[in-house]
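Results of the structural survey
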Amino acid sequence: MTVREIIKLPDKRLRLVSEPVKRIDASLRKLVEDMFETLYAAPGIGLAGIQVGVAKRVIIMDLSKKDDTRKPEVFVNPEITWASEEKSSYEEGCLSIPEYYEEVERPAVVKVKYLDLEGKAREVEASGLLATCLQHEIDHLNGILFIDHISKLKRDRITKKFAKAAKTAKSTKKVEA
Ligand code: GNR
Ligand code: NI
């Protein structure tokens, strides 16, 4: 198992629409293992393939509390089949937008169909943190980030901040080299 690098804003790959998984094979299982290693190292509660640079429709999650038994969950080709009218708001963060947190309003309850790692079709009705996290991760598969759900003013501020930081890092590297 290997911790992979998490790609961050302003990396354009975060805007890619990921491709459906065609076959659940050894390479997908290896990707999932590495994603868990990466998630636990971060640490975070969910991760989409594209965050480690792989544009496949796979997400992983572990909502267990610190020090509790781990509860790894894998969702292959997840699709929202129903979303409640009722909304709920949660303070979100993203490993690809480090150290930025903002309230995001989303449907409070969603039904999601997906395949498990054995290729078995499943459906879950999710509420609370699971609903939030599933929607956040499925957004990643469609090139959408949580900052797309906040005001343009806040989004532009954070986008510019990360673009500037990347530019500075690049010029610093040149001096070091
Ligand atoms: O670790 C994460 N925490 C989190 C908190 C609130 C709402 C969503 C998330 S997902 C995030 C990890 C991540 O960036 N997944 O894509
Ligand atoms: Ni994220």
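Preceding block: the structure.
The structure reproduced in this document is the subject of the present report.

Basis of the calculations
- Residues numbered from 1 in each chain as written.
- Chains lettered and ligands numbered in written order.
- Predicted model: local features only at pLDDT ≥ 70, side-chain atom pairs only at ≥ 80, totals over all residues.
- Heavy atoms only, no water.
- Helix = DSSP H or I, 4+ residues; strand = E, 2+ residues; numbered from the N terminus.
- Contact = heavy atoms within 4.5 Å.
- Phe/Tyr/Trp six-rings, centres within 6.5 Å; stacked < 30°, edge-to-face > 60°.
- Buried < 20%, exposed > 50% of the residue type's maximum accessible area, 1.4 Å probe, protein only.
- Donors = N, O, S within 2.8 Å, 3.2 Å for Na, K, Ca; no water.
- Pairing = 2+ DSSP bridges.
- Axes fitted to C-alpha atoms, helices over the stretch in contact; angles between N-to-C directions.
- Near = heavy atom within 4 Å.
- Polar contact = N/O pair within 3.5 Å; in protein donor to acceptor, adjacent residues only side chain to side chain.
- Areas by Shrake-Rupley, 256 points an atom, 1.4 Å probe, with all protein chains shown as cover.
- Nonpolar A, V, L, I, M, F, W, Y, C, P; charged D, E, K, R; others polar.

As for the side chain of D34
Following the sequence through the fold, D34 ends up in helix α1 (residues 26-41). Discounting residues that sit within four places of it in the chain, D34 has contacts with M1, T2 and R4.

A short note on the packing of aromatic side chains
Applying the stated criterion across every chain yields a total of three aromatic pairs. Ring centres of F36 and Y40 lie 5.9 Å apart, and the angle between their planes is 25°; this geometry places the pair in the stacked category. One end of the pair, F36, and the other, Y40, are both in helix α1, four residues apart, so they sit about a helical turn from each other. With relative accessibility at 24%, the residue Y40 sits in the partly exposed group.

Brief notes about the coordination of the nickel ion (ligand 2)
Tetrahedral coordination by four donors places them ideally at 109.5 degrees to one another around the metal; octahedral coordination by six donors ideally gives 90 or 180 degrees. Coordination sphere of the nickel ion (ligand 2), protein contribution only: C94 (SG), H136 (NE2) and H140 (NE2), at 2.1 to 2.4 Å. Judged by its relative accessible area of 8%, C94 is buried. What makes H140 buried here is its relative accessible area of 1%.

Things to note about the sheet that holds strand β1 (residues 46-48)
In space, the five strands of this open sheet follow the order β1-β2-β3-β6-β7, with antiparallel pairing throughout. The strands lining the two open edges of the sheet, one partner per strand, are β1 and β7 (121-127). Strand-to-strand twist across the sheet, computed as the mean angle between neighbouring axes with direction ignored, equals 40°. Both strand β3 (residues 73-83) and strand β6 (residues 109-115) contribute to a ladder of five bridges, which runs antiparallel. Looking at the pairing, I80 lines up with V112 of β6. Sheet contacts for α1: β1, β2 (58-61) and β3; angle to β2, the most-contacted strand, approximately 40°.

Observations regarding the site of ligand 1
In the neighbourhood of ligand 1, 14 residues make up the surrounding shell, with G46, Q51, L95, E137 and H140 lying closest. The contact in question runs from an oxygen atom of ligand 1 to an N or O atom on the side chain of Q51, over 2.7 Å. With the chains in place, 90% of the 380 Å² that ligand 1 exposes on its own is no longer accessible. A class-by-class count of the residues in the shell around ligand 1 yields four nonpolar, seven polar and three charged.

Details of the side chain of S64
Within the secondary structure layout, S64 lies in the loop between β2 and β3. Overall, the relative accessible area of 18% leaves S64 in the buried class. One polar contact links S64 to D62, side chain to side chain, over a distance of 2.6 Å. The contacts of S64, once residues within four sequence positions are left out, are T69, R70 and K71.

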